[in-house]
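# Per-entry structural report
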Amino acid sequence: TEEADATARLKWGHHFCAFSHSVVSALASAYLIYTGVWSDSVDDRVWGHQPAIGKLFSFSMGYFLWDLCCCVYSMKLYGKSYLIHAI
């Protein structure tokens, strides 16, 4: 039916976005680790700021906020447990 197709499209869209986020963030993290973007100083690691790491963090936070909005919007489809997982 048309409703089942819409539900399947919505679920596949969420799965595709989650998979894309995981691949991009894993590759970016590996790149940052292997290029040695971190400083050797403990002070810099605790108090310093690396723009590339900040961008990766912002990318991930954007994804998680998007996921939370999708869970709220699709509460009937996914249920309360999925919303708790997103929070």
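Here we summarise the structure given alongside this text. (Residues numbered from 1 in each chain as written. Predicted model: local features only at pLDDT ≥ 70, side-chain atom pairs only at ≥ 80, totals over all residues. Heavy atoms only, no water.)

### Looking at the packing of aromatic side chains
Here the structure, examined in full by the defined rule, presents three aromatic pairs. Relative to Phe-64, the ring of Tyr-63 lies with its centre 5.1 Å away and its plane at 65 degrees, an arrangement referred to as edge-to-face. With 5.9 Å between their ring centres and 35 degrees between their planes, Tyr-63 and Trp-66 make a pair best called tilted. Of this pair, Tyr-63 and Trp-66 both sit in helix H3 (residues 51–73), three residues apart, which is roughly one turn of the helix. (Phe/Tyr/Trp six-rings, centres within 6.5 Å; stacked < 30°, edge-to-face > 60°. Helix = DSSP H or I, 4+ residues; strand = E, 2+ residues; numbered from the N terminus.)

### Here's the deal with the environment of Tyr-34
Position of Tyr-34 relative to the elements: it lies in helix H1 (residues 2–35). Remark: the alpha-carbon pair of Tyr-34 and Gly-54, spanning 20 residues in sequence, is separated by 17 Å.

### Quick notes on H3
Taking 1.5 Å per residue as the helical rise, H3 with its 23 residues ought to reach 33 Å, and the 33 Å between its terminal C-alpha atoms agrees with that figure. Taken as a whole, H3 has its buried residues at Gly-54, Leu-56, Ser-60, Tyr-63, Asp-67, Cys-70 and Cys-71. On its buried face, H3 is in contact with H1, helix H4 (75–78) and helix H5 (80–86). (Expected span 1.5 Å × (residues − 1). Buried < 20%, exposed > 50% of the residue type's maximum accessible area, 1.4 Å probe, protein only. Contact = heavy atoms within 4.5 Å.)

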